[in-house]
Amino acid sequence: MKKKYFSILFIVLISWRLTAQEWVVPAENNARLSPFAFSDSTQQAGAILYSVNCKSCHGDPGKNNVINLVPPPVDPASEKMQSNPDGALFFKIFAGHGQMPSFKNILSSAEIWKVVSYIRSFNQQYVQKIATANGKALAAENVKILITWLKDKNQVQTVTSGKKNNAVQPIGDAEIKLFAKRYFGNLIIDEVRNTDSQGKALFNLPVNLPGDSAGMVQLVAQLSDEEAFGDAKTDTVLAVGIPTYRLPLNEPRSMWNVVWKAPIWLLFSYFFSVILVWGFIIYVLLQIRNIYKAGISRENDHKV
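Residues numbered from 1 in each chain as written. Predicted model: local features only at pLDDT ≥ 70, side-chain atom pairs only at ≥ 80, totals over all residues. Heavy atoms only, no water.

Participant: Looking at this structure, how should I read the packing of helix α3 (residues 40–53) against helix α7 (residues 109–120)?
Facilitator: To describe two helices that pack against each other, one gives the angle between their axes and the distance between the axes. Taken N-terminus to C-terminus, the directions of α3 and α7 make an angle of 100°; their axes are 7 Å apart at the nearest point. In terms of axis orientation, α3 runs roughly perpendicular to α7. Contacts between α3 and α7 involve Thr 42, Gln 43, Ala 45, Gly 46, Ala 47, Leu 49 and Tyr 50 on the former and, on the latter, Glu 111, Lys 114, Val 115, Ser 117 and Tyr 118. Residue composition of the contact of α3 with α7, grouped by class: six nonpolar, four polar and two charged. (Axes fitted to C-alpha atoms, helices over the stretch in contact; angles between N-to-C directions. Helix = DSSP H or I, 4+ residues; strand = E, 2+ residues; numbered from the N terminus. Parallel < 35°, antiparallel > 145°, perpendicular 65-115°, else oblique. Contact = heavy atoms within 4.5 Å. Nonpolar A, V, L, I, M, F, W, Y, C, P; charged D, E, K, R; others polar.)

Participant: So what exactly am I meant to see when it comes to the pattern of salt bridges here?
Facilitator: As a working rule, side chains carrying opposite charge can pair if their charged atoms are close by. For the structure on display, the rule yields three salt bridges. Its salt-bridge partner being Lys 55, residue Asp 60 comes within 3.2 Å of it at the nearest N-O pair. The exposure class of Asp 60 is partly exposed, given its relative accessible area of 22%. In this structure, Arg 193 and Asp 190 form a salt bridge, with 2.5 Å as the shortest nitrogen-oxygen distance. Relative accessible area serves as the criterion here: at 23%, Arg 193 is assigned to the partly exposed category. (Salt bridge = Lys/Arg side-chain N within 4 Å of Asp/Glu carboxyl O. Buried < 20%, exposed > 50% of the residue type's maximum accessible area, 1.4 Å probe, protein only.)

Participant: Please clarify how the environment of Pro 85 should be interpreted in this entry.
Facilitator: Mapping Pro 85 onto the fold places it in the loop between α5 (79–82) and α6 (86–95). C-alpha of Pro 85 to C-alpha of Arg 32: the two residues are 53 residues apart in sequence and 8.4 Å apart in space. Contacts of Pro 85, omitting those with residues within four sequence positions, involve Asn 30 and Arg 120.

Participant: I would appreciate a short explanation of the nonpolar core in the present structure.
Facilitator: Side chains of nonpolar character tend, in soluble globular proteins, to be buried together. Ranked by internal contacts, the top residues of the largest apolar core, which has 23 residues, are Leu 219, Leu 223 and Phe 229. Going through the elements one at a time, β1 (143–150), β4 (175–182), β7 (200–204), β8 (217–223) and α8 (226–229) are the ones with two or more residues in this core. A total of four residues in this core trace back to one element, the largest contributor, which is β8. (Core = buried A, V, L, I, M, F, W, Y, C linked by side-chain atoms within 4.5 Å.)

Participant: Looking at this structure, I do not really get the side chain of Ser 117. What am I missing?
Facilitator: Turning to its location among the elements, Ser 117 is positioned in helix α7. Setting aside chain neighbours within four positions, we find Ser 117 in contact with Phe 38, Ser 39, Thr 42 and Gln 43.

Participant: Looking at this structure, I do not really get the packing of α6 against α7. What am I missing?
Facilitator: Where α6 meets α7, the axes come as close as 10 Å, and the angle between the chain directions of the two elements is 125°. When the interaxial angle is binned, α6 and α7 end up oblique. The element α6 and its partner α7 pack so that their crossing is right-handed. Judged by residue contacts, Asp 86, Gly 87, Leu 89, Phe 90, Ile 93 and Phe 94 of α6 engage Ser 109, Ile 112, Trp 113, Val 115, Val 116, Ile 119 and Arg 120 from α7. Of the residues in the contact of α6 with α7, the class split is nine nonpolar, two polar and two charged. (Left-handed = near helix turned anticlockwise from the far one by under 90°.)

Participant: Please clarify how the side chain of Gln 157 should be interpreted in this entry.
Facilitator: Relative to the helices and strands, Gln 157 is located in strand β2 (residues 155–164). Gln 157 sits in the buried class, given a relative accessible area of 17%. With sequence-adjacent residues up to four places away left out, Gln 157 is seen in contact with Leu 146, Ile 147, Thr 148, Leu 150, Lys 200, Ala 201 and Leu 202.

Participant: Sorry if this is basic, but what is going on with the environment of Val 116 here?
Facilitator: Residue placement: Val 116 occurs in helix α7. Residue Val 116 is classed as buried on the basis of its relative accessible area, which comes to 0%. Distance in space between the C-alpha atoms of Val 116 and Pro 76 is 9.6 Å, their sequence separation being 40 residues. Ignoring anything within four residues of it in the chain, the contact list for Val 116 reads Phe 38, Asp 86, Leu 89, Phe 90 and Ile 93.

Participant: What is the right way to look at the pairing of β7 in this model?
Facilitator: Each regular strand displays side chains that alternate between the two surfaces of the sheet. Covered by surrounding structure in β7 are Ala 201 and Phe 203 only, the residues Lys 200, Leu 202 and Asn 204 on the alternate face being uncovered. Sheet analysis places β2 next to β7, joined by five bridges and oriented antiparallel. Residue pairing for β7: Val 156 is matched across the bridge by Phe 203. (Pairing = 2+ DSSP bridges.)

Structure below.
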């Protein structure tokens, strides 16, 4: 009887585990399409981005050499991956889920679409559908974003304009984001804003934003609606941060540093393990030597 209950409990737990791992993509994200056509150049750019950000877990597409995780990552060339709509692939890379990290602050929308382009290069039956541009569509090269620092208010102002039909005009009611560049991705500044009728948007800076040794921070402003404006963004360096001296990554003791700058506990563990292993080897050799000597001694006793 107990065995029966245990089996039922086991099945319930497995079912719950599988359900918890299910990745549900919202319908509006599932139907999303790339604003540009996939080409050899987008696939090549996507291959570089994939190698840097995705290969360590998902391995080489088509070779099924994914990292050993539970659940295991999906091979990009597999039917399971390729059965996802373009919008689902974009959403999963953007949002992340479970062990899959989010890349929303690491890759731009255009870069994520280039990764999708690379993934689709392993599907011979794939036929791309491209998003239809809306009435306010502008090419990214025709969009200009000016970033200035309003020091007295500790705010950053962006002014966005676009060139259409040879006329430059403000871009109003456009969603815009402001980021500070960091070692491992971008730090979003304040909330997402919408430009006013003059194309302006104001962002409040945190009072403790760290900069380099001179307080300089690299700021990136980007329009969110890529279907309308493509990968429209600009960056500039302004003295909006607190002067901060950052130790080089190889200066403090750390796991990735050279041998003598590894953590003390790791060095101790390593040398202790080496001494223990060699001690065991020497002990075994001594025992073999004693056995050999004992054998010689017995042989001599028999001869006498």
